[in-house]
Structures are given as C-alpha cells and as structure tokens.
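Coordinate inspection notes
The residues making up each chain are set out below.
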Amino acid sequence: MIEKVAEVILKSRHLIALTGAGISAESGIPTFRGPKGLWKRYRPEDLATPEAFARNPKLVWEWYAWRINLVLNAKPNPAHYALAELEKMNLLKMLITQNVDDLHERAGSKKIVHLHGEILKVVCTRCEYEARLNAPPKEIPPKCPVCQALLRPGVVWFGEPIPPAALSLAFSEAEMADVILVVGTSGVVMPAGQIPYIVKSHGDIVIEINIQESAITPIADFFIKGRAGEILPRIVDEIKRKIGCF
Ligand code: OAD
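Worth saying up front: this structure is predicted, and the values here are computed from it rather than measured. (Residues numbered from 1 in each chain as written. Predicted model: local features only at pLDDT ≥ 70, side-chain atom pairs only at ≥ 80, totals over all residues. Heavy atoms only, no water.)

Quick word on the overall build of the protein
For the record, the criterion: Each helix is a run of H or I in the DSSP string that is no shorter than four residues. Each strand is a run of E no shorter than two, and both are numbered from the N terminus. Our radius of gyration looks at C-alpha atoms and nothing else; its globule reference is 2.2 Å times the residue count to the power 0.38. Between buried and exposed lies partly exposed: a residue is buried under 20% and exposed over 50% of the maximum accessible area for its type, with that area taken using a 1.4 Å probe on protein chains only. Should any heavy atoms of two residues lie within 4.5 Å, those residues are considered in contact. Using a 1.4 Å probe, the Shrake-Rupley method yields the accessible areas, and only the shown protein chains count as cover for residues. Asp and Glu count as negative and Lys and Arg as positive, but His and the ends of the chain are not part of the count. Here the site of a charge means NZ on Lys, CZ on Arg, CG on Asp, or CD on Glu.
Helix and strand counts for the protein come out as 11 helices and nine strands. Relative to the compact-globule value of 18 Å for 246 residues, the protein shows a C-alpha radius of gyration of 18 Å, a close match. Once the C-alpha set of the protein is aligned to its principal axes, its extents read approximately 55 × 35 × 35 Å. For the protein, with 246 residues in total, the buried portion stands at 54%. Excluding contacts between residues fewer than 6 apart, the proportion of contacts in the protein whose partners are at least 24 apart in sequence is 65%. Looking at the protein as shown, the accessible area adds up to about 11400 Å², and 55% of this sits on carbon and sulfur atoms. Averaging the locations of the 30 positively and 27 negatively charged side chains of the protein gives two centres separated by 4 Å.

Observations regarding the domain arrangement of the protein
Note the threshold: All domain edges in this entry derive from an automatic or database-based domain assignment. Two parts placed together each lose some accessible area; with a 1.4 Å probe, that loss summed over both constitutes the buried area. Take a side-chain nitrogen of Lys or Arg and a carboxyl oxygen of Asp or Glu: if they are within 4 Å of each other, that pair is a salt bridge. Polar contact is the term for a pair of N or O atoms within 3.5 Å; when the atoms are in protein, one must be able to donate a hydrogen and the other to accept it, and sequence-neighboring residues count only if both atoms are side-chain atoms. Only Asp, Glu, Lys and Arg are considered charged in this grouping, and only Ala, Val, Leu, Ile, Met, Phe, Trp, Tyr, Cys and Pro are considered nonpolar; every other residue, Gly among them, is considered polar.
Entries for the protein in the domain assignment read domain 1 (1-28 + 76-116 + 162-246) and domain 2 (30-73 + 120-155). At the junction of the two partners, domain 1 supplies 12 residues and domain 2 supplies 10 residues. Where domain 1 abuts domain 2, roughly 790 Å² becomes buried across the two surfaces, and 62% of that area is made up of carbon and sulfur atoms. When the area that domain 1 buries against domain 2 is broken down by residue, the three leading residues are Ala-21, Val-100 and Asp-102, summing to 40%. If you look at where domain 1 meets domain 2, you find zero salt bridges. Our count for the domain 1 to domain 2 interface comes out at one residue pair in polar contact (both at pLDDT 80 or more). In terms of residue class, the side of domain 1 that touches domain 2 is made up of five nonpolar, four polar and three charged.

What to know about the pattern of salt bridges
Per the counting criterion, the structure on display carries 16 salt bridges. Salt bridges here are not isolated pairs; linked through shared partners, they connect Glu-3, Glu-238, Arg-241 and Lys-242.

Structural notes on the sheet that holds strand S4 (residues 117-124)
Worth spelling out the cut-off: Between any two strands, pairing holds if DSSP finds at least two bridges. In this description, a line fitted to the C-alpha atoms serves as the axis of each element, helices being fitted only across the stretch in contact, and the angle between N-to-C directions of two axes falls anywhere from 0 to 180 degrees.
Pairing is antiparallel across the open sheet formed by three strands, whose spatial order is S5-S4-S6. Each of the sheet's edge strands pairs with one partner strand only, and the pair in question is strand S5 (130-132) and strand S6 (151-155). Strand-to-strand twist in this sheet, taken as the mean axis angle between neighbours without regard to direction, amounts to 35°. Here S4 runs beside S5; their pairing, made up of three bridges, is antiparallel. Bridge pairing in S5 links Lys-121 to Arg-132. Packed onto the sheet, helix H6 (residues 57-73) meets S4 and S6 and runs at close to 135° relative to S4.

Examining the packing of helix H7 (residues 78-88) against helix H11 (residues 228-242)
Here is the rule: Orientation is classified from the angle alone, with under 35 degrees giving roughly parallel, over 145 giving roughly antiparallel, 65 to 115 giving roughly perpendicular, and any other angle giving oblique. Take the far helix as your reference; a near helix turned counterclockwise from it by less than a right angle gives a left-handed crossing, and one turned clockwise gives a right-handed crossing.
Packing of H7 against H11 leaves a shortest axis separation of 7 Å and a crossing angle of 30°. If you check the angle between H7 and H11, you find them roughly parallel. The two elements H7 and H11 cross, and the hand of that crossing is left-handed. Every residue of H11 that contacts H7 at Pro-78, Ala-79, Ala-82, Leu-83, Glu-85 and Leu-86 is listed here: Ala-228, Gly-229, Leu-232, Pro-233, Val-236, Ile-239 and Lys-240. Grouping the amino acids of the contact of H7 with H11 by side-chain chemistry returns 10 nonpolar, one polar and two charged.

Some words on the side chain of Ser-27
Residue placement: Ser-27 occurs in the loop between helix H2 (22-25) and helix H3 (38-41). In this structure the side chain of Ser-27 is engaged in a polar contact, spanning 3.0 Å, whose partner is the side chain of Asn-77. Aside from chain neighbours lying at most four places away, what touches Ser-27 is Ala-74, Lys-75, Pro-76, Asn-77, His-80 and Leu-103.

This is how it looks when you write it as structure tokens:
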C-alpha cells in the first residue's frame, strides 16, 4: 500500500493535504474526540463558543492558557516534518489544517491554511488589535493594550463562521486537487469534513492515514491504518527511493 500511495503522490498534478488533531497527538497535544479526547473531559458549549466567552471569559481563558502552554512546549513530530518535506519536494501544493497549533509551521511548512484559526494569536473583541503570543497571557482574561476591551483567542469557536479568505482558499484548492492526503481527522466537523468529498466528487483520489476509520474512510481510495508519525515518513522515504534520492 505504501508503495502504491508513493506512486500516486509522485504522479499527482495538484496534491493537497487536510490534517486534524491526530497529526499532533504524537507531539503530546490531545485530540478532541475518542476516549482521551478533550470533549470527553470538557463540554464545547462551556469553553468553545461565543456564548461561553460572554458568560465567563475567565474560565474560557484559563482553558486556552492551559492549551497555549501545551502547544508552546510541544515539538513537531515526524508526521509534520514529512509533510513539510513533501512541500519542499514541490509535491504538496497546499496544506489545509484544522489544527490551531503552529507545529506545521515549526516543521517548515509554508503553504498552509488554518481553517480554525491559531491559538497563539489574540484578537481584540472591539478594535483591530491583533498580536502573537510566545507565552500564555499574564493577566487572565487579557485586555487590549489599545482600547482596554477583552482580548480573545484567535480561533474559530462553534457557531462561528470560518474566516472567509481561509475557506475560499481551501475550497478552491479542493477543486484544483487531483489527490488529497487526509491525516488524523475524524472528518465530522464541517465544512472541513467536506473537503475530501469535494475532491472525490470530481473523480479524484483520496488517501487517508488514521489509527482508526473515520467519516472520510468510506470514500478513501487508500486507507492506511496507523500512526501518522510512522506512516508519513515511510511514504516520503518510498518517494525518495523511487526518484533515486537515496
Ligand atoms: P478529532 O479529535 O475529532 O479526531 C482526531 C482523529 O485523529 C481521530 O480520527 C483519531 O483516530 C485520529 N488519530 C489519533 N491519533 C492519531 C495518530 N497518531 N495518527 C493518525 N491519526 C490519529 O480531531 P479533528 O478531526 O481535528 O474544532 O477535529 C476537528 C475539529 O473538532 C477541531 O479542529 C476542533 C474540534 O472541535 C474547533 O475547535 C472549531
């Protein structure tokens, strides 16, 4: 299967990837669903909605400060590096991620769309102020240095639209793609979960890597069951072997 997938990737004209929390699991960042997922321990409606933030910004910010700390202390794993390498080889044309961490960037990926925003960004709830964090905010909830209104995490919460520029880029990439690599996502959150279905709808190829079946598996042409940090580097090695890079 790895060899066939490597061949499909090598022959692709416009390969894109869709990643989810599973790709960062091996870096120690918890996923959302499954027995150890965040949504087993916390309720999204208490922590990840505009209503929750309006009700209790301190509680929401405490949860985000904990997650910001996790991200800042995590390191990219071999799966992140393998995708960055596919981009450098000019095989991967766009990486669409649902993840709010920056591990793809730290591994070297450049062509990347964050559909659900970025946890290391803060934005003002009133003015245009935005900033990047390199530590959790000292004051919780943090205030805007310009207008003193509350700052909020730069992520997309349940019930909020995806930033239009990110969504239209992701959808136009899905229209252009002839192969999509879907890694570590349950595929149940829309509109991200639609992206592989768009690729499939124009007769193109869906490759999935996951430790278990997901909502994408029924349309996958290739389903490789296993950890992203093990499978993706094997695919990259096979591609290198085929092009005589070893
Ligand atoms: P989920 O937690 O729903 O799914 C994670 C997927 O990763 C599951 O299908 C796991 O089987 C798989 N997985 C776990 N470890 C893996 C590994 N080492 N290698 C490969 N696969 C592995 O996470 P997402 O699909 O990313 O949204 O969730 C989508 C969205 O739901 C998130 O972006 C977040 C959440 O609510 C918002 O916060 C808006």
